[in-house]
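Fold and geometry: a report
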Amino acid sequence: MTPHQRIRVIDSHTAGEPTRLILAGGPELGDGSLERRLETFRRDYDAFRSAVVNEPRGSDIIVGALLCEPVDPHSTAGVIFFNNVGYLGMCGHGTIGLIATLSHLGKIEPGEHRIETPVGTVGATLHADGRVTVHNLPSRRSAARVTVQVPGYGAFCGDVAWGGNWFYLVEEQPYTVAIDNVEELTAVTWAIRQALSANGITGDDGKEIDHIELFGPPSGPEADSRNFVLCPGKAYDRSPCGTGTSAKLACLYAKGKLRPGQVWRQQGILGSIFEGSFNVRDGNVYPSITGRAYITAETDLVFDKNDPSCMGLVP
């Protein structure tokens, strides 16, 4: 690190959830697959991840995105998403933010784009009005009506599903899904996550379920349901969550409650809405999530090697 290293970033928010895209100054990860580059990032540069998104430069809710050269020359970009505690396989709101940022910079035009992630290549449509549709990887319900006993709260029954990250989705629950109830929602979803781990309930191949999603009725007729999503670092998603909506669509299809092409309007805890639909090919559910992102800042992060908190605050 030079005495004053500068990291060029652009911040955006998608339906209320922030994304910080690193344009220049990030670590050199080589030119392998995005999955291999993620492992290099995790192994050798995890302190950089924390320094970008955590205090004093960031906060628990910021999702970071490292812009990478794609492997396939036909792809628009590669990206590695990360948050306050680790790394994300895929991020729906972050992909919308990435596309909006590249458009803001004049690097892409409206049309179809391919974005490489550590878990596969996703499609993205930049619409002429600025909206973005993310065409996600295949999503699936892995297990239905899985019951877990949560100390202090009782039993919960939910579905385990993949939408780019692993989710435990609870439809029937007694808590009000509303912004003025986030402390209680955070407490119960964190307890559910711990109980899933303690009881050995996982996604496929033993993968940790690190996102918990509760559902309730929407605030009005403009949406089909409202959700609360707790992310891995104990911060709640301000948006309706792109990968969480993808997982929801897979569950609705598995239950016979939603048809291919039918639109599902998922409202988040702030009242913002993602429009979701899906196609089925070779038995697989391919969700498409539409939302909008807005640019909030263009800046340089300064890393001063003489600053004892340069790489983040230690509790």
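Before reading on, note that the structure itself is shown above.
My aim in this report is to walk through the structure given alongside it, one point at a time.

Each value, and the rule that gives it
Residues numbered from 1 in each chain as written. Predicted model: local features only at pLDDT ≥ 70, side-chain atom pairs only at ≥ 80, totals over all residues. Heavy atoms only, no water. Buried < 20%, exposed > 50% of the residue type's maximum accessible area, 1.4 Å probe, protein only. Helix = DSSP H or I, 4+ residues; strand = E, 2+ residues; numbered from the N terminus. Arc of directions from axis to C-beta. Contact = heavy atoms within 4.5 Å. 1 Å grid on protein atoms, 1.4 Å probe; cavity = no way out; pocket = protein on both sides within 12 Å on 5 of 7 lines; lining within 4 Å. Points joined across faces, edges and corners; volume = space filled by probe spheres on them. Nonpolar A, V, L, I, M, F, W, Y, C, P; charged D, E, K, R; others polar. Core = buried A, V, L, I, M, F, W, Y, C linked by side-chain atoms within 4.5 Å. Disulfide = S-S within 2.5 Å. Pairing = 2+ DSSP bridges. Right-handed = clockwise from strand over helix to strand, strands pointing away. Polar contact = N/O pair within 3.5 Å; in protein donor to acceptor, adjacent residues only side chain to side chain. Salt bridge = Lys/Arg side-chain N within 4 Å of Asp/Glu carboxyl O. Phe/Tyr/Trp six-rings, centres within 6.5 Å; stacked < 30°, edge-to-face > 60°.

With respect to helix 1 (residues 34-44)
Because an α-helix packs 3.6 residues into every turn, residues spaced three or four apart end up facing the same way. Among all positions of helix 1, only Leu34, Arg37, Leu38, Thr40 and Phe41 are buried. Angularly, the buried residues of helix 1 cover 160 degrees about the axis, an arc narrow enough to put them on a single face. In helix 1, those exposed residues whose orientation departs by more than 90 degrees from the buried face are Glu35, Arg36 and Arg43. Against the buried residues of helix 1 lie helix 2 (46-53), strand 3 (63-68), strand 4 (77-82), strand 5 (87-88) and strand 6 (111-117).

Some points on empty space enclosed by the protein
With the rule as written, the count across this model stands at two cavities of 30 Å³ or more. Its boundaries defined by the atoms lining it, the largest cavity holds a volume of some 170 Å³. Along the lines of polarity and charge, the residues of the lining of the largest cavity split into ten nonpolar, eight polar and three charged. Together, Asp159, Leu169, Glu171, Phe215, Lys248, Cys251, Leu252 and Lys255 line the second largest cavity. With three residues, helix 5 (residues 242-254) is the single largest residue contributor to the lining of the second largest cavity.

As for the nonpolar core
By size, the foremost hydrophobic cluster in this structure holds 32 residues, and its most contacted members are Phe81, Ile99 and Ile115. Secondary-structure elements contributing two or more residues to this core are strand 3, strand 4, helix 3 (92-104), strand 7 (120-126), strand 8 (132-135), helix 5, strand 15 (273-281) and strand 16 (284-291). Considering each element in turn, this core owes the most residues, five residues, to helix 3. Not counting the four nearest positions on each side in its chain, isoleucine 99 is found in contact with Ile108, His113, Ile115, Ala124, Leu126 and Val132. Val148, Val160, Ala191 and Leu230 belong to the second-largest nonpolar core, a separate cluster that totals 26 residues.

Some thoughts on the layout of surface pockets
The space that makes up the largest pocket amounts to roughly 570 Å³. Surrounding the largest pocket, 24 residues form its lining, Tyr87, Gly89, Val119, Trp162 and Lys207 being those nearest its centre. Elements supplying a minimum of two residues to the lining of the largest pocket: helix 1 and strand 5. Top contributing element to the lining of the largest pocket by residue count: helix 1, with four residues.

Considerations on the state of the cysteines
As enumerated under the stated definition, the model contains zero disulfides in all. Free cysteine cysteine 241: the closest other cysteine sulfur is in cysteine 231, separated by 6.0 Å. What makes cysteine 241 buried here is its relative accessible area of 4%.

Focus on the pairing of strand 14 (residues 264-267)
Residues in a regular strand point their side chains to alternate faces of the sheet. The sheet contact formed by strand 13 (residues 225-230) and strand 14 spans two bridges and is parallel. When the bridges of strand 14 are listed, serine 225 appears paired with glutamine 266. Once you follow strand 13 into helix 5 and on to strand 14, the crossover reads as right-handed. When strand 14 meets strand 15, the two strands line up antiparallel, connected through four bridges. Residue tryptophan 264 lies in a different strand from strand 15, and its bridge partner there is glycine 276.

Looking at the side chain of aspartate 159
Positionally, aspartate 159 belongs in strand 10 (residues 154-162). Polar contacts involving the side chain of aspartate 159 include one to the side chain of lysine 255, which spans 3.3 Å. Apart from the residues lying within four places of it in its own chain, the contact partners of aspartate 159 are Arg141, Ala143, Ala144, Arg145, Phe167, Tyr168, Leu169, Cys251 and Lys255.

Structural notes on the pattern of salt bridges
Tallying each qualifying case throughout the model produces 16 salt bridges. When the shortest N-O distance is used, the salt bridge between aspartate 204 and arginine 140 registers 3.1 Å. Taken as a pair, aspartate 204 in the loop between helix 4 (182-198) and strand 12 (211-216) and arginine 140 in strand 9 (residues 140-150) lie far apart in primary sequence, 64 residues in all. Look at aspartate 204 and you get partly exposed, because its relative accessible area is 25%. With relative accessibility at 36%, the residue arginine 140 sits in the partly exposed group. Across the pair glutamate 208 and arginine 193 runs a salt bridge, and its minimum N-O distance is 2.8 Å. One end of the pair, glutamate 208, is in the loop between helix 4 and strand 12; the other, arginine 193, is in helix 4, and 15 residues separate them in sequence. Look at arginine 193 and you get buried, because its relative accessible area is 13%.

A few points about the packing of aromatic side chains
Each aromatic ring pair is characterised by the separation of its centres together with the angle its planes make. Per the counting criterion, the structure on display carries nine aromatic pairs. Ring plane angle 55 degrees and centroid distance 6.5 Å describe the contact between phenylalanine 82 and tyrosine 87, whose orientation is recorded as tilted. When its relative accessible area of 0% is taken as the criterion, phenylalanine 82 is described as buried. We classify tyrosine 87 as buried; its relative accessible area is 14%. Ring geometry for tyrosine 253 versus phenylalanine 278: centroids 5.3 Å apart, planes at 65 degrees, classification edge-to-face.

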